[in-house]
Amino acid sequence: MISVNNLSYTYAGSVNPAIKNISFHIEKGEIFGFLGPSGSGKSTTQKILYKLLNDYEGSATIDGQEVKSWDKSLYEKIGVGFELPNHYLKLTALENLEFFRNFYQNSQKPLDLLAKVGLENDAKKKVGDFSKGMKMRLNFVRSFMHNPEIIFLDDPTSGLDPVNGRIIKDIIKELQSEGKTIFLTTHQMHDADELCNRVAFMVDGALKVIDSPKQLKLKYSHHNVEVFMKDQQDPFYFSMEGLGQNETFLQLIKNGELSTIHSKEASLDEIFIQVTGKSLT
């Protein structure tokens, strides 16, 4: 659905390119995480893909067609949830969705969308009176109200409490089950780990690695298990290699009362720092 080959972009007046010869491909129905600190080139890449920046070098295609050659019909195919909600604050939530609904050939019922994110009782409230979290939820449902095939989401759970964050993530998985392709940027590595089929690490305009969260954790983790026994304050650590034949480990769990045991996989945050030498913040 999305193909990027040797893509570069330099802003007018700048000497250094914002993105440098990056390449990646996203399949239909995939949730693809695009991760990196501020200034890494994530926003520039997205702006190219939804046709806000056309004077790029290299190739960027949506559904097999070069982005710069698309006309306005591109916006029927894609939906965008921006990081900062941009609503008409003097209009109600319902009026906002009704207004944007008129831009598209097909659209879902606004009240149904508001109900999805728990805003049905606030439908007639002015958005200027909304909290940040309420604005984020309204922003989120607006991104797919016209049933697009590809949805770009920028930190969709930012500013949300755990309950509403869970609702948003469940809807993202639901959209994927319907065959939607999701391009997700986030600073929430836990969200990326939970949702994404693959993630890409972006730093200083360059792509450092692309792989599934599972494969990254297998590659960059220390393959140990941590064992807590109920009669011990400190944990025991064992290598996973040959664990079934490790006599010390076997005697420990045979003779003692086991509290917890789990593998010590690296988090995506730790892997990002290990691979790039930088943190997401």
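Everything below is about the structure shown above.
Residues numbered from 1 in each chain as written. Predicted model: local features only at pLDDT ≥ 70, side-chain atom pairs only at ≥ 80, totals over all residues. Heavy atoms only, no water.

Undergrad: What is the right way to read the nonpolar core from this model?
TA: Judged by nonpolar contacts, the single largest core of 42 residues is most densely connected at Leu138, Phe140 and Phe201. Ranked by the residues each element gives to this core, the list is headed by helix α5 (residues 132-142), at five residues. Once residues lying within four places of it in the same chain are set aside, the contact partners of phenylalanine 140 are Val117, Leu153, Pro156, Ile168, Ile171 and Ile172. Phe32, Leu53, Ile62 and Leu74 belong to the second-largest nonpolar core, a separate cluster that totals 28 residues. (Core = buried A, V, L, I, M, F, W, Y, C linked by side-chain atoms within 4.5 Å. Buried < 20%, exposed > 50% of the residue type's maximum accessible area, 1.4 Å probe, protein only. Helix = DSSP H or I, 4+ residues; strand = E, 2+ residues; numbered from the N terminus. Contact = heavy atoms within 4.5 Å.)

Undergrad: Any chance you could explain the sheet that holds strand β5 (residues 65-66) here in plain terms?
TA: Ordered in space as β2-β1-β4-β5, the four strands form an open sheet in which the pairing is antiparallel. Every interior strand has two partners, whereas the edge strands, β2 (19-26) and β5, have only one. The sheet contact formed by strand β1 (residues 2-9) and β2 spans five bridges and is antiparallel. Counterpart to isoleucine 2 in the pairing with β2 is isoleucine 26. (Pairing = 2+ DSSP bridges.)

Undergrad: What am I meant to see in the sheet that holds strand β13 (residues 258-263) here?
TA: Strand pairing in a sheet is mediated by backbone hydrogen bonds. Such pairs are either parallel or antiparallel. Strand order in the open sheet made by the three strands is β12-β11-β13, with antiparallel pairing throughout. Looking at strand neighbours, the two that pair on one side only are β12 (236-239) and β13, the edges of this open sheet. This sheet shows a mean twist of 20° between the axes of neighbouring strands, independent of strand direction. Bridge count for strand β11 (residues 224-229) against β13 is five bridges, and the pairing is antiparallel. Each residue of the ladder has a partner; that of phenylalanine 228, found in β13, is threonine 260. (Axes fitted to C-alpha atoms, helices over the stretch in contact; angles between N-to-C directions.)

Undergrad: Help me understand the environment of threonine 181, please; the structure alone is not making it clear to me.
TA: With respect to the helices and strands, the residue threonine 181 is situated in strand β8 (residues 181-185). Counting along the chain gives 75 residues from threonine 181 to glycine 256, while the straight-line C-alpha distance between them is 49 Å. In this structure threonine 181 touches Met1, Ile26, Glu27, Lys28, Gly29, Glu30, Glu149, Ile150 and Ile151, once residues within four positions along its chain are discounted.

Undergrad: Is there a simple way to explain a nonpolar patch on the surface in this structure?
TA: Residues Tyr88, Phe99 and Phe103 make up a contiguous nonpolar surface patch of roughly 310 Å² in combined accessible area. Note on placement: phenylalanine 99 falls in helix α3 (residues 93-101). Residue classification places phenylalanine 99 among the partly exposed residues on the basis of a relative accessible area of 34%. (Patch = residues over 30% accessible without salt bridge, like charges linked within 9 Å, V, L, I, M, F, W, Y side chains within 5 Å. Areas by Shrake-Rupley, 256 points an atom, 1.4 Å probe, with all protein chains shown as cover. Salt bridge = Lys/Arg side-chain N within 4 Å of Asp/Glu carboxyl O.)

Undergrad: Mind showing me how you'd approach the environment of leucine 268 here?
TA: Counting through the fold element by element, leucine 268 comes out in helix α10 (residues 268-276). We classify leucine 268 as buried; its relative accessible area is 2%. In sequence terms leucine 268 and glycine 64 are 204 residues apart; their C-alpha atoms lie 31 Å from each other. When residues no more than four places from it in sequence are discounted, the contact partners of leucine 268 are Met189, Ala192, Asp193, Phe201, Pro213 and Leu216.

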